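Spelled out, the chains give:
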Amino acid sequence: MKFIVSSSELSKQLQSISGVLNTNNTLPILDDFLFEVNKNSLVVSASDLETTVSCSVDIESKDEGSIAVPARLLLDTLKTFPEQPLTFLMDTENLGIEISSDYGKYKLTGHNSDEFPKIPVIEGGNSLEMDSAVLIRALSKTLFATGNDELRPVMNGVLVELSSDGMTFVATDAHKLVKYQRTDAKADSTASFIIPKKPLNLLKNIMPEEGDDFKIKIEYNESNTFFSFKNINLICRLIDGKYPNYDAVIPKENPNKLHVDRAAFLNCIKRVSIFANKTTHQVKLKVTGSELHVSAEDLDFANEANERITCNYEGEDIEIGFNSRFLIEMLANLDTEEVLLEMSAPNKAGILSEVKGDSKEDGEDLLMLVMPVMLNN
Amino acid sequence: MYNRAIVHIDLDAFFVSCERLIDSSLNGKPVLVGGTSGRGVVAACSYEARAYGIHSAMPMRMAQQLCPHAIVIKGNGGTYSKYSDAVTDIIKEHAPLYEKSSIDEFYIDVSGMDKFYGCYKWAKELRNTIIKETGLPISFGLSTNKTVAKVSTNEAKPNNYMEVAQGVEKPFLAPLSIKKIPMVGDQTYKMLQGMGIEHIHTVQEMPIELMERLLGKNGIAIWKKAQGIDNTPVVAYNERKSISSSITFERDTIDIRKLKDILSTMAEKLAFYLRNGKKLTSCVTVTVRYSDFDTRSRQVRVPYTSCDHTLIKKVIGLFDLLYNRRVLARLVGVRYSHLVEGAYQINLFEDTEEMINLYQAMDKIRNRFGQNSVRRVVTMDTRGVGMMSNPFNGLPPVIPAHRRA
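The structure contained in this document is the topic of the report that follows.

Criteria and cut-off values
- Residues numbered from 1 in each chain as written.
- Chains lettered and ligands numbered in written order.
- Predicted model: local features only at pLDDT ≥ 70, side-chain atom pairs only at ≥ 80, totals over all residues.
- Heavy atoms only, no water.
- Helix = DSSP H or I, 4+ residues; strand = E, 2+ residues; numbered from the N terminus.
- Rg over C-alpha atoms; globule rule 2.2 N^0.38 Å.
- Buried < 20%, exposed > 50% of the residue type's maximum accessible area, 1.4 Å probe, protein only.
- Contact = heavy atoms within 4.5 Å.
- Areas by Shrake-Rupley, 256 points an atom, 1.4 Å probe, with all protein chains shown as cover.
- Lys, Arg positive; Asp, Glu negative; His and termini not counted.
- Charge placed at Lys NZ, Arg CZ, Asp CG, Glu CD.
- Core = buried A, V, L, I, M, F, W, Y, C linked by side-chain atoms within 4.5 Å.
- Buried area = accessible area lost by both parts, 1.4 Å probe.
- Salt bridge = Lys/Arg side-chain N within 4 Å of Asp/Glu carboxyl O.
- Axes fitted to C-alpha atoms, helices over the stretch in contact; angles between N-to-C directions.
- Parallel < 35°, antiparallel > 145°, perpendicular 65-115°, else oblique.
- Left-handed = near helix turned anticlockwise from the far one by under 90°.
- Nonpolar A, V, L, I, M, F, W, Y, C, P; charged D, E, K, R; others polar.

1. A short note on the overall build of chain B
On a plain count of helices and strands, chain B comes out with 14 helices and 13 strands. Compactness check: chain B gives a C-alpha radius of gyration of 23 Å against a globular reference of 22 Å for 405 residues, within 12% of the reference. Oriented by its inertia axes, the alpha-carbon framework of chain B measures out at about 65 × 55 × 45 Å. Per-residue burial for chain B yields a buried fraction of 49% across its 405 residues. Intrachain contacts of chain B at a sequence separation of at least 6 include 67% that bridge at least 24 residues. As displayed, chain B has an accessible area near 19,700 Å², and 52% of this comes from carbon and sulfur atoms. Treating the 54 positive side-chain charges of chain B as one cloud and the 41 negative ones as another, the clouds have centres 4 Å apart.

Structure (structure tokens):
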């Protein structure tokens, strides 16, 4: 089996899907790319058993066949070539691979393509189409809030709820929660599933920058979701489990409303948090009248910071403690000039949202919730 | 003249001295302070009692056999703390930099005071002030570093003082027994003695490499101390790295329920200290000592917390893993370590508002009406789990003399 391919094109495509490769695999075949040649098209796949990504590359060939190629070796080699045609000569019988470039020849040994895990096929699933911009935005708003706890796998993914009214994306790590709703992107049927964060991160990185809008086709059933766009296909196993009832923990009555300039608030917290304890990053917010006091201290080093910024506040005076990391992440992921922080009690969640003025009819709704720390005074 | 001058102050037979202040009829008699039950040990003994061969950490029974007419007092930690604090206050008033290294010991850094006053003279005056104001007998040693100062205090005792000037540290240490070096415990002493090392001058003449081969890193430390080298600074603030609680039973027990109740009590109490000190723990350790002194402990890392309901569960879980010998237990203990400053991060799904409010209410009640005013039902029956004041006040834990390493 022989084919000729542009070195930079192949390198670019392999780089984009290489994110799925783990550094230490239990199965050696997972360190390989699967090459499937079918006349003038090459399909390269990478898998970690949970997620499989494949991309197609144009080649020149008359043959058909498949072989698994050591990924690291190939990636490292391709990176060093300037743009030029490369000739791959692959022997599917004794698994020898020979690459010829302008400079010379390189030989490596592949593996039998049968060893490569079978790529699941979605049968009897539903499908929908979605704008790439919507998906990119939904992912960038939610992914940061996912958890990392192996004991609670459902929180290591993003919950996607589809209905004929719109779509909802939810992520939480039990300390913070983000709910992103779109009313302008709809599905035909009602469904909900949890997609692990690794393939979503991968997807976010593969998808071209905003501005270049295209449609993404999504297919799903009980166990898998399948994304396809342009020359890329991504299929991943869904997280099996019950997502916590997030709506029940979002407080409905929040009488204390704080309007504040987002950039000023973010910068204030960034500065003050430098003086907070390096492990717990806790800051204290104290609102009295129209003044917001932000303070932090690290008793171990006798560090202390106090700042005050003006805000627009309705409600009773309140003193509430937060992990500054969470606040910083959230404020950085909001876009408007002004944000609204709604609170009810020092032991109950604070809710951050964007203040959009009159032009609220853009079909999206973003809610960020952060749990406070238990202050005892 | 000193480049560095360190004074080590030690209150002689501190617990006994306190008892004598309360009851002067004890003066001049052999007095023992310590546990009076079967398992009790001598925490402090008067110099009259020492004449009978009694020393601290000796089982109380043995001490009573040695000196049947000795007066035994159970002792009261609270009273001793009060006297200790009184001494601390005097030192705080006079000393530029001091370290309270235990309930009855202090280090004071008086470097540079020579220039104006004289370190020795200053220390003597401080001693007189303390004696005058508290009535407690006190000894001190003055030297160039903490180790030599401490050794010289021990040489000066009782109720006396001593100076080891700069340059004569080594000859001062040379004739003393190696046992006098802080750090050389029974085990090390026996080992060195077995090799014919009896006096510090032998260690002084040994090559450092040999000590390292014998005792590892500790060997180097002991060798340095033997040379009179010790650069450790006087640290004013003592940061707690862990808090723990343990109990040795009057009688060994195999009553699992009782053991678990006691562990729950300790877990609850320590968690309260954490919350009061605005601390969180991320490592829980449980220790069990069986009746044959076989001591086992197990630890587990947890997400930062200060909530008893999670910590008690962890403690009981560890105990279930640990206690598997079906042998009587002599001691159980709980320790929280890897402490950080901070308040508990409330969990969105696992914690309810009621739970958090309950913690705050309980802590409020405890701070107002005492630690035992509210407690869990399982912990109602357990008594004798040690109480302490705020463990995060920057002072060292109150460890009686006999438990010191």
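2. Quick notes on the nonpolar core
General note: in soluble globular proteins, nonpolar side chains tend to be found buried as a group. In terms of nonpolar packing, the biggest core is built from 104 residues, with Phe33(A) and Phe35(A) touching the most fellow members. When neighbours within four sequence positions are excluded, Phe35(A) is seen to be in contact with Phe3(A), Leu42(A), Val43(A), Val44(A), Gly65(A), Ser66(A), Ile67(A), Val69(A), Leu74(A) and Met90(A).

3. With respect to the environment of Ala63(B)
Residue and element names in this part refer to chain B. Inspection of the secondary structure puts Ala63 in helix 3 (residues 60-66). For the pair Ala63 and Ser244, spaced 181 residues apart in sequence, the C-alpha to C-alpha distance is 29 Å. Among residues more than four places away in sequence, those in contact with Ala63 are Leu32, Val42, Ile54 and Met58.

4. Notes on the interface of chain B and chain A
With 24 residues of chain B at the interface, the matching set in chain A holds 28 residues. Around 2,200 Å² of area is buried between chain B and chain A when both sides are counted, 57% of it from carbon and sulfur atoms. Of all residues in chain B, Gln345(B), Leu348(B) and Phe349(B) bury the most surface against chain A, accounting for 32% of the area lost on that side. The interface formed by chain B and chain A holds 2 salt bridges in total. In this structure, Arg152(A) engages Glu350(B) in a salt bridge whose closest nitrogen and oxygen atoms are separated by 2.9 Å.

5. Quick look at the packing of helix 1 (residues 7-17) of chain A against helix 2 (residues 71-79) of chain A
A pair of packed helices can be characterised by two numbers: the angle between their axes and the separation between those axes. Residues and elements named next belong to chain A. Between helix 1 and helix 2, whose axes approach to 10 Å, the crossing angle comes to 135°. Between helix 1 and helix 2, the angle is such that the two are oblique. Remark: the crossing between helix 1 and helix 2 carries left-handed chirality. Together, Leu10, Ser11, Leu14 and Gln15 of helix 1 and Leu74, Leu75, Leu78 and Lys79 of helix 2 make up the contact between the two elements. Considered class by class, the residues forming the contact of helix 1 with helix 2 number 5 nonpolar, 2 polar and 1 charged.

6. Some words on the side chain of Asn333(A)
Residue and element names in this part refer to chain A. By secondary structure assignment, the location of Asn333 is in the loop between helix 7 (324-332) and strand 24 (338-343). Of the residues examined, Asn333 reaches a relative accessible area of 19% and is grouped as buried. With residues up to four places along the chain from it excluded, the contact list for Asn333 reads Ser140, Lys141, Phe144, Leu366 and Met368.

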